[in-house]
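# Architecture and fold: a report
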Amino acid sequence: MQISQGLFDQLFLVMMFTAMGGLLWQPPLWILLTFFTPKKLLDTYFKEPHFSQGEVVFMSRFPLSLFRTSIFGWVLFLPSLDKKRKIRNCYEVMPTWYRIGLILLTISTMLIMFIFFGIMFFLLTSHITNA
């Protein structure tokens, strides 16, 4: 598909602003959710048999604790990913503010990735005209 140089420039700017917005928005939210993970959630699900002993040791400290937070977020948003850990009902011990924060982080991650890579793929497969 052929697009004009002006449209290419505008789409490129949207792609870059989306990426920069994600870089400004997501890390602080992710870090806050990691540091304020409810103790009841950790005591209930962050142990064997849900996590192996090695995972508990490694994911107990920053920065690998970020991975633990993302696991809880993905299982909360897509319960079908919970074949190994069996933490599908972890939302029952989460406070509402934490659940909303995880859903917001997960949805915004997926949306930013979809927009960024979608526009990038479109721009890479388009032919630019001088019109």
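Whatever comes next refers back to the structure up there.
Let us look at the structure shown here. (Residues numbered from 1 in each chain as written. Predicted model: local features only at pLDDT ≥ 70, side-chain atom pairs only at ≥ 80, totals over all residues. Heavy atoms only, no water.)

### So, the environment of Thr125
- Mapped onto the elements, Thr125 comes out in helix H5 (residues 96-125).
- Taking the relative accessible area as the measure of exposure, Thr125 reaches 41% and is therefore partly exposed.
- The spacing of Thr125 and Leu78 is 47 residues in sequence and 31 Å in space, taken between C-alpha atoms.
- Looking at Thr125, its side chain comes within polar contact range of the main-chain oxygen of Phe121, at 2.9 Å.
- Within the structure, the side chain of Thr125 is placed 3.2 Å from the backbone oxygen of Phe122, a separation counted as a polar contact. (Helix = DSSP H or I, 4+ residues; strand = E, 2+ residues; numbered from the N terminus. Buried < 20%, exposed > 50% of the residue type's maximum accessible area, 1.4 Å probe, protein only. Polar contact = N/O pair within 3.5 Å; in protein donor to acceptor, adjacent residues only side chain to side chain.)

### Some details on the nonpolar core
- Formed by 19 residues in total, the largest nonpolar core has its most connected members in Leu41, Phe72 and Met94.
- Taken together, the elements giving at least two residues each to this core come down to helix H1 (5-35), helix H2 (39-45), helix H4 (65-77) and H5.
- If you tally residues by element for this core, the top one is H4, at 4 residues.
- Excluding residues within four positions of it along the chain, Phe72 makes contact with Leu41, Leu42, Tyr45, Phe51, Ile87, Cys90, Met94 and Leu102.
- Core analysis: the second largest hydrophobic core is formed by 7 residues, Ile3, Met15, Ile119 and Leu123 among them. (Core = buried A, V, L, I, M, F, W, Y, C linked by side-chain atoms within 4.5 Å. Contact = heavy atoms within 4.5 Å.)

Coordinates in, geometry out; function isn't part of it.
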